[in-house]
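Commentary on secondary and tertiary structure
Each chain is listed here by its residues.
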Amino acid sequence: AVGVAVVVAVLALGGRRGGAQIPPTTSDSSASSPSPYDQADTSPFPYAKPTFRYEPFHELDTTVQNIAVEDLGYLEIAWNTHGLAPIEQKGWRDLTTNERDAVNLLGFTADTWDCFIHHYDSYAWVDLTEEAVQAYTELGWTQEH
């Protein structure tokens, strides 16, 4: 499906930088805890890449590990193998309230979850946001292909 190309593109564009941290809850740029999002990301994606999601499970902050395991059902192997965890098969609109709360705690929004984790797999082209269509178009996809 279309999502497979995004997985390949995300992995190709992704890099492992920095340790995983829960994003600061304030917009204060002087916050001592760095954001897990690469704000200097120059990829064709319309949203900042959640770099912590590309870190090996054993390198994650304990809080992130606990949320991933206890609230989202990840196992270490599923975290380290993108697309393996059942939670990643759900689009934002299909997540339960508790699952949304947990992914929000990790710093995801509806847009970043659907783009980088779910890869819009359960969406039809007409369901995609303008930003998602832009990202797919830049990757060479069209509604027909």
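This text goes with the structure placed above it.
Residues numbered from 1 in each chain as written. Predicted model: local features only at pLDDT ≥ 70, side-chain atom pairs only at ≥ 80, totals over all residues. Heavy atoms only, no water.

1. Details of the environment of Arg-93
Considering the arrangement of structural elements, one finds Arg-93 in the loop between helix 3 (76–80) and helix 4 (97–106). If sequence neighbours within four positions are ignored, Arg-93 has contacts with Arg-100, Ser-122, Tyr-123 and Asp-127. For Arg-93, the side chain forms a polar contact with the main-chain oxygen of Ser-122, separated by 2.9 Å. (Helix = DSSP H or I, 4+ residues; strand = E, 2+ residues; numbered from the N terminus. Contact = heavy atoms within 4.5 Å. Polar contact = N/O pair within 3.5 Å; in protein donor to acceptor, adjacent residues only side chain to side chain.)

2. Some details on the side chain of Glu-99
Structurally, the position occupied by Glu-99 is in helix 4. At 3.0 Å, the side chain of Glu-99 forms a polar contact with the side chain of Lys-90. Not counting residues up to four positions away in its chain, the partners in contact with Glu-99 are Leu-72, Ile-87, Lys-90 and Asp-94.

3. Thoughts on helix 2 (residues 62–71)
All of the buried residues along helix 2 are Val-64, Gln-65, Ile-67 and Ala-68. Down the axis, helix 2 shows its buried residues gathered within 165 degrees of arc, on one side only. Facing away from the buried side of helix 2 by more than 90 degrees, the exposed set consists of Thr-62 and Glu-70. Against the buried residues of helix 2 lie helix 3 and helix 4. N-capping of helix 2 is provided by Asp-61, with a side-chain oxygen placed 2.7 Å from the backbone N of Thr-63. Residue Gly-73 follows helix 2 closely and has a positive phi angle near 75 degrees. (Buried < 20%, exposed > 50% of the residue type's maximum accessible area, 1.4 Å probe, protein only. Arc of directions from axis to C-beta.)

4. A closer look at the packing of helix 2 against helix 4
Where helix 2 meets helix 4, the closest approach of the two axes is 10 Å, and the angle between their N-to-C directions is 165 degrees. Looking at the two axes, helix 2 sits roughly antiparallel to helix 4. Note that helix 2 runs across helix 4; the crossing there is left-handed. Contact residues: Val-64, Ile-67 and Asp-71 in helix 2; Ala-102, Leu-105 and Leu-106 in helix 4. Tallied by class, the residues present in the contact of helix 2 with helix 4 amount to five nonpolar, no polar and one charged. (Axes fitted to C-alpha atoms, helices over the stretch in contact; angles between N-to-C directions. Parallel < 35°, antiparallel > 145°, perpendicular 65-115°, else oblique. Left-handed = near helix turned anticlockwise from the far one by under 90°. Nonpolar A, V, L, I, M, F, W, Y, C, P; charged D, E, K, R; others polar.)

5. Looking at the packing of aromatic side chains
In this structure the tally under the stated criterion is six aromatic pairs. Pairing Phe-57 with Trp-79 gives two aromatic rings, centres 6.5 Å apart and planes at 65 degrees, and the pair type is edge-to-face. Placement of the pair is Phe-57 in the loop between strand 2 (49–50) and helix 2 and Trp-79 in helix 3, with a sequence separation of 22 residues. Trp-79 shares its class with Phe-57; the two are buried. (Phe/Tyr/Trp six-rings, centres within 6.5 Å; stacked < 30°, edge-to-face > 60°.)

6. Thoughts on the side chain of Glu-88
With respect to the secondary-structure elements, Glu-88 resides in the loop between helix 3 and helix 4. Reaching out from Glu-88, the side chain makes a polar contact with the side chain of Tyr-74 at a distance of 2.7 Å. There is a polar contact of 2.5 Å between the side chain of Glu-88 and the backbone nitrogen of Gly-83.

7. Things to note about the pattern of salt bridges
Per the counting criterion, the structure on display carries three salt bridges. Put simply, Glu-88 and Arg-53 hold a salt bridge, and the shortest N to O gap is 2.5 Å. In this pair, Glu-88 is assigned in the loop between helix 3 and helix 4 and Arg-53 in the loop between strand 2 and helix 2, connecting sequence segments 35 residues apart. When sorted by exposure, Glu-88 lands in the same class as Arg-53, which is buried. (Salt bridge = Lys/Arg side-chain N within 4 Å of Asp/Glu carboxyl O.)

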